[in-house]
Amino acid sequence: MRPVVMWRMWIPGLLAVVAVGGCDSSAQTCTAIGSPPGIGVVGPEASTPTAPDPASGDMRLEACWDGTCREYEVSRRWSASDPRRGFAEIRELPTEPVRVTLLAGGRRLGPVTVVPEPVTPNGDDCPALGPAASVTVDRHGTVRPG
């Protein structure tokens, strides 16, 4: 082989090494993990007759913003491994204050105001999803944000 031909054979290899060497191996990988928009509900540790139980399946959540209130079913399908946790998927949930009232066992619990925020289940370097917020109900039926 002539020296010019040898040089031309090395060029693609050098370019590949330079391209790979310039990549940051610690870069965040964004996976297909999703996060539906909505409001999570965490019930009390031990269910009592006065406390609502997300596992009972008959809980609804009333969310109000922009002068309009809508009701949503609180489902356990998002956290079947923990019956204290429920979730109301709300596709149109804004990132502004939302008044939340829980409807369970013929009672209205709350209201409490939450501010849904975008969530980043894949880390801060990946696109935000959501928004989402949560409320917690104690054994006395008191609702609080978070």
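Residues numbered from 1 in each chain as written. Predicted model: local features only at pLDDT ≥ 70, side-chain atom pairs only at ≥ 80, totals over all residues. Heavy atoms only, no water.

Caption draft 1: The arrangement of the sheet that holds strand E6 (residues 107-114) in detail. Strand order in the open sheet made by the 4 strands is E3-E2-E5-E6, with antiparallel pairing throughout. In the strand order of this sheet, the two ends are held by strand E3 (68-73) and E6, each with one partner. Taking the axes of each pair of neighbouring strands and ignoring which way they run, one obtains an average angle of 20° across the sheet. Note: strand E5 (residues 98-104) against E6, 6 bridges, orientation antiparallel. Across the sheet, Ala-104 pairs through a bridge with Arg-107, a residue of E6. (Pairing = 2+ DSSP bridges. Helix = DSSP H or I, 4+ residues; strand = E, 2+ residues; numbered from the N terminus. Axes fitted to C-alpha atoms, helices over the stretch in contact; angles between N-to-C directions.)

Caption draft 2: Region of the structure containing the packing of aromatic side chains. Using the criterion set out here, one finds 0 aromatic pairs in the structure. The positively charged end of Arg-70 is found above the aromatic ring belonging to Trp-65, 4.3 Å away from the centroid. (Phe/Tyr/Trp six-rings, centres within 6.5 Å; stacked < 30°, edge-to-face > 60°. Lys NZ or Arg CZ within 6 Å of the ring centre and 35° of its normal.)

Caption draft 3: Highlighting unusual backbone geometry. Put simply, Gly-110 and Pro-111 share a cis peptide bond, and its omega is 5°. Residue placement: Pro-111 occurs in strand E6. Residues Gly-130 and Pro-131 are joined by a peptide bond in cis, for which omega reads 5°. Summarising the element assignment, Pro-131 is placed in strand E8 (residues 129-137). At Asp-66, a residue that is not glycine, the phi angle is positive and equals roughly 55°. Topologically, Asp-66 is positioned in the loop between strand E2 (60-65) and E3.

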